[in-house]
Amino acid sequence: SVKPSHYRRIVVLGAPHVGKTAIIRRFLGDDGFDEQYEPTTEDFHSKLYHIRGERYQLDILDASKERDFPAKRRLSILTGDIFLLVFSVTDRESFTEICSLREEIFTAKSKLTKSKENRQLPIIICGNKTDLNTSRGAQHSDICQDSVLFEVSAKDCTNLEEMFEALALLGGLPTETR
Ligand code: GDP
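Computed from a prediction, not measured in an experiment: that's the story for all the values here.

Novice: Describe in detail the pattern of salt bridges, supporting the description with residues and values.
Specialist: Under the definition given, this model contains three salt bridges. Across the pair Arg52 and Glu165 runs a salt bridge whose closest N-O atoms are separated by 3.4 Å. Here Arg52 is found in the loop between strand 2 (44-51) and strand 3 (54-62), whereas its partner Glu165 is found in helix 4 (residues 160-169), with 113 residues between them in sequence. Residue Arg73 is joined to Glu104 by a salt bridge in which the shortest nitrogen-to-oxygen separation is 2.9 Å. With Arg73 in helix 2 (residues 70-79) and Glu104 in helix 3 (residues 92-113), this residue pair connects regions lying 31 residues apart in the sequence.

Below is the structure:
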């Protein structure tokens, strides 16, 4: 069984087409990489994950379909322990979106904790599609300097295991903020 402290609810957010579905499918164990995914209606996934002999249960919610439903997205944010904010290294605007999503998370969570000072929310920023990019580096301004950044490719699986391990080990929020 999984220890109560080893449950993680991960909320995935980001602009359309940055590869959120591809990343989640890879993590869930898809061997193939489809160029085109069918839009899913079931966006909630669960996986048991072993790290150094410990079992973790990662519940993963792809909240991007809630893009046009702010109230619903806010609810997803409130119930999340850990946030994976995905952009594409080939799309600068998708990076800008990360920064506003981050503000949205801080706003939602700080209302709960009543402390506006707490910038320590568990957020990992993910730059996907590194296989396509030839000149990155200049893209990552220091707007999001407080968060860990992973550069990954869902296509060739670069850095995905490392990123999900970091997500699991990031831990949850203090219980009073859940
Ligand atoms: P979502 O809208 O964020 O869920 O994005 P999808 O997962 O549907 O991916 C959008 C498109 O980008 C699809 O055509 C994917 O095949 C493609 N894609 C996703 N990840 C990668 C990647 O790491 N490298 C490349 N080259 N294409 C990717």
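Still to come is the rest of the account.
Novice: Describe the environment of Arg9, with residues and values.
Specialist: Looking at the element boundaries, Arg9 is found in strand 1 (residues 7-14). Using a relative accessible area of 26% as the deciding quantity, one classes Arg9 as partly exposed. Separated by 76 residues in sequence, Arg9 and Leu85 place their C-alpha atoms 14 Å apart.

Novice: Let's hear about the pairing of strand 5 (residues 123-128): which residues, and what values?
Specialist: Among the six residues of strand 5, six are classified as buried, and the element is accordingly described as predominantly covered. Judged by which residues are buried, strand 5 turns out to be covered on both faces: Ile123, Ile125 and Gly127 on one side and Ile124, Cys126 and Asn128 on the other are all buried. The pairing of strand 5 with strand 6 (residues 148-151) spans four bridges and is classified as parallel. Paired with Ile124 across the bridge in strand 6 is Val148.

Reading the values: rules and limits
- Residues numbered from 1 in each chain as written.
- Predicted model: local features only at pLDDT ≥ 70, side-chain atom pairs only at ≥ 80, totals over all residues.
- Heavy atoms only, no water.
- Salt bridge = Lys/Arg side-chain N within 4 Å of Asp/Glu carboxyl O.
- Helix = DSSP H or I, 4+ residues; strand = E, 2+ residues; numbered from the N terminus.
- Buried < 20%, exposed > 50% of the residue type's maximum accessible area, 1.4 Å probe, protein only.
- Pairing = 2+ DSSP bridges.

The analysis is restricted to geometry; functional conclusions fall outside its scope.
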